[in-house]
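Commentary on secondary and tertiary structure
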Amino acid sequence: MKLQLNKVSRALTYALASTATMGIMSTSAIAAEGDEATDKKIEKIAVVGSRAAPRSVGDSPVPIDIIGGEELSKGGGDDMLELLKGSVPSLNVHQNPISDAASLVRPANLRGLPADSTLILLNGKRRHRSSVIAFLGGGINDGAQGPDISTIPSIALKQVEVLRDGAAAQYGSDAIAGVINFVLKDASEGGSFSVKKGQYFEGDGDATTYEGNVGLPFSDDGFANLSFQYKEADPTSRSVQRPDAAAFASAGLEGVRDPAQVWGAPEINDDISLFANVGLDISNNDQFYMFGNYSERDVRGGFYYRNPTTRPGVYGGVIRNVNGTPSRRDPNDVEQQKLWDAAMPTILVGSLDGYDQQLNCPVVEIGSNGLPDQAALDSLTAANCFAFNQVLPAGFTPFFGGNITDTSFTVGTKGEIDEGYFEGAYFDLSGSVGRNESRYFITNTVNASLGPDSPQDFSPGKYIQLEKNFNADISKGYDFDLAYEVNVAAGLEWHEESFEVVSGDEASFLPGPLTQQGFGIGSNGFPGFQPSAAGVFTRRNYGAYIDIETPFTDEFLMGWALRYEDYDSFGSTTNYKVTAQYQATDDLSLRGSISTGFRAPTVGQANVSNVQTNLSSGVLVDSALLPPTNPIAVQLGGSELQPEESQSYTFGAVYQSGDLFLTVDYYNIEVTDRISQSEKIELTQADKTALKAAGVPNVDGLAQVSFFTNDFDTTTQGVDVVANYSMDLLDGYSTFAFAYNWNETTVDKFSAITGDFKVKRLEEDLPKHRSSFTWSSQWETVSSFVRANYFGEYQGVHVDFDQTAKIADASVTIDAEVTYFATESVSISVGANNLFDQEPEKLDFVGATGIPNNNWGGKYYETSPYGINGGFYYVKATYTF
């Protein structure tokens, strides 16, 4: 029976499309063994993991999860990352509040590896990466540049296929952790429209989503399936008032925000995604296909509070020597520094008459109440001097955000060759282009060097990621007197990737007249990109592969893949993969794989420079990220980036008996020369002088420098368990699903520029144990969905401050949804994520650091694997036609 089903699967596939590529073909379903073709008992067919015909997930020699579009829609959120996280326990997603661009495009981690170690496909074609580089990626994702998955709406999807196995030898760079293939709907009729409204239990984060899908005929022999999603979401706040801001308010300072600094989800406006999938049979054997998307959204979130007495380059500064007369600080005079630190603090004051007159300005001391001396402040105007306390007396909190635009277009043809040497072979020719643009903005801040002429809203510039792909694939079965035909697939790929930096408006980077007087240059919090840093950086590569599957017997299948890639920047790499599956009994099969892989450094990682504000040992500082080949980076240990290399193996078992389906798989992934952002290195005065000569902005305000580097090796191992069971229950039909993941990463080698705390974050930030148990039930007019999510212990970290770290307790959250089918076309759903409002681990800043009264406004550890916002409830109405 198994052999017969394999032949049916292949026949269905060959009739539909080429087997040379993954995912372009429409996935199909066949009746489960021994059952009639009912809606209840349908085997899922996957195309990932094999260049031969799609096969059921139980017959796959590598572990694959398939999540149907209907299952994805059962969730409170509409962000694809959150929806997938609930279905794939080995996928972790952090919310990353106050983390620069990582707040705009959130990274995700499959099997404990960074976001850019998972290859993302749309209808089997490589998805372009985002233009956002996660400079502050919460440890594991620092420096990651992965695709923007959140642009893909669930209503557009037929299913999602998650290959949990290294696949670089089959599909190229970025597939070290695995592959996620998003398969678009391909119906030529029918559709649906829904409206969803939700809110967090705390009463904030109101979210509204409109989405729709329609299938249309495209002549008599094709389809055009169109989808849209539009959503908006209010921000959330899980904050407490910062102690310093509270003290200012208590002292009578007006205008202090409460909270002065917000930890929570950003505001999202005008988030729209349009997807189209088109197919047309142009002959009995050939098909034309085309698909693409346009997506855009505005995201706005908060930054760190700028204290009106201490913020360097804006407010804080001493212009006085030991005998009380004004003087300028000599950063190389250690003894002066000691006396300076012991002196009464003062406000940074600049002369509007120029550098030579600064020492003649009045000195504004900070009184015992913590506020600047008001009389001294009032005297500045008459002396033609200036301090930002005159215009922003309560300090300020910048708001950072961006406009993210994502577009893609793929066109191709596939079919069967009718004559010649390759008669009977299946081909697929395609070309695609993808573009992602992130245009940044920062408001409620200043370019301090411009003094009173500084605007408070800036456009610091934008990043643009552009990728082009051309693929040619062919596949043919050959009879070698084995159990069935040996499938031989081969192909070529050409890929071009460019990363463009567009400079910001002049005010965002311009050195103003107060530069020499100690005032910071550029829009505070995110200085604009200078014209000297702007430009287009491009890299091209081509690849060639061969992929063979040999069915030695009905019970024993092996696969072999070899791939060669050549890059015009760092050279070539060759990788292999060997898979095997053995059907031990009618119910039990064994499977395994061994492979090598690689991940090429992105063009952005190799060339980008940026200034970011972060916390270093509890102190807010500015740090510069430089290209690794910049002379200063080289001086501090940087060098040209090389590909990451990996070796991985998996072995497991599949058990299928009646309505029970169970898989258990162990995996081990060794990655060498992993790319990440180096530890932030403290700058000396000599370093600053060299940085100025190199054209780096705002050098005097910089405390640290970092760069991307191949700096450490890791071993990641784990176990995945997936079980499904279906039965008639309570006068309805129920499906039970259990998924468990154990994942552990060990840093095998690292250098001093990685840092001990970085190692600790890589090893401990993610929970080592995650699981979910789902019960789905269906009756005539009602369906229900309940899922329990277990998150094991993890390292709680706040504001990247190592002294805050502690091991947080394990937790369980419950998701639930009930749907009432009012008519054949109309349904109403009510549900909640984190139904019982499980609270994340509360921040214990004082206990962790010994530093009283300074929690930076946080309430929870930001590394919570289920977020910091708590429970979310929603109602949804759907019309199906």
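This text follows the structure it describes.
Values in this document were obtained by computation on a predicted structure and should not be read as measured data.

1. Focus on the overall build of the chain
- A tally of regular secondary structure across the chain gives 12 helices and 39 strands.
- Scored against the burial criterion, the 881 residues of the chain give a buried share of 59%.
- Once local pairs closer than 6 in sequence are excluded, the contacts in the chain between residues at least 24 apart make up 70%.
- Carbon and sulfur atoms make up 54% of the accessible area of the chain, which amounts to about 32700 Å² in all.

2. With respect to the nonpolar core
- One finds Leu72, Met80, Leu84, Leu157, Val160 and Phe182 to be the most contacted residues of the largest nonpolar core, which totals 31 residues.
- Counting residues per element, this core draws most heavily on helix α3 (residues 80-87), at four residues.
- Not counting the four nearest positions on each side in its chain, Leu157 is found in contact with Gly69, Leu72, Met80, Ile152, Phe182, Val183, Leu184 and Lys185.
- By size, the runner-up hydrophobic cluster in this structure holds 26 residues, among which are Val299, Ile404, Phe458 and Val603.

3. Quick notes on the state of the cysteines
- Enumeration according to the criterion identifies one disulfide in this entry.
- Paired through a disulfide, Cys361 and Cys385 show a sulfur-sulfur distance of 2.0 Å. An S-S torsion of about -90° defines the bridge between Cys361 and Cys385 as left-handed. Of the two residues, Cys361 is situated in the loop between β16 (350-351) and α7 (374-378) and Cys385 in strand β17 (residues 385-386); the sequence distance between them amounts to 24 residues. Each member of the pair, Cys361 together with Cys385, is buried.

4. Brief notes about the side chain of Asn123
- Structurally, the position occupied by Asn123 is in the loop between β7 (118-122) and β8 (125-126).
- Take Asn123: its relative accessible area is 5%, and that puts it in the buried class.
- Of the polar contacts made by the side chain of Asn123, one reaches the backbone nitrogen of Leu184; its length is 2.9 Å.
- Looking at Asn123, its side chain comes within polar contact range of the side chain of Asn277, at 3.2 Å.

5. Comments concerning the side chain of Arg306
- For Arg306, the location among the structural elements is in the loop between β15 (286-302) and α6 (334-342).
- By relative accessible area, Arg306 is classed as buried at 0%.

6. A look at the packing of aromatic side chains
- If you walk through the whole model with that rule in mind, you get 31 aromatic pairs.
- Between Tyr315 and Phe396, the ring centres sit 6.1 Å apart and the planes meet at 45°, which makes this aromatic pair tilted. Within this pair, whereas Tyr315 is found in the loop between β15 and α6, its partner Phe396 is found in the loop between β17 and β18 (399-416), the two being separated by 81 residues in sequence. The residues Tyr315 and Phe396 share a single accessibility class, namely buried.
- Members of the aromatic cluster, joined through ring pairs, are Phe303, Phe400, Tyr440, Tyr463, Phe499, Phe526 and Phe529.
- Sitting above the plane of the Phe399 ring, Arg300 keeps its charged end 4.2 Å from the centroid.

What counts, and at which threshold
- Residues numbered from 1 in each chain as written.
- Predicted model: local features only at pLDDT ≥ 70, side-chain atom pairs only at ≥ 80, totals over all residues.
- Heavy atoms only, no water.
- Helix = DSSP H or I, 4+ residues; strand = E, 2+ residues; numbered from the N terminus.
- Buried < 20%, exposed > 50% of the residue type's maximum accessible area, 1.4 Å probe, protein only.
- Contact = heavy atoms within 4.5 Å.
- Areas by Shrake-Rupley, 256 points an atom, 1.4 Å probe, with all protein chains shown as cover.
- Core = buried A, V, L, I, M, F, W, Y, C linked by side-chain atoms within 4.5 Å.
- Disulfide = S-S within 2.5 Å.
- Polar contact = N/O pair within 3.5 Å; in protein donor to acceptor, adjacent residues only side chain to side chain.
- Phe/Tyr/Trp six-rings, centres within 6.5 Å; stacked < 30°, edge-to-face > 60°.
- Lys NZ or Arg CZ within 6 Å of the ring centre and 35° of its normal.

By themselves these figures say nothing about function.
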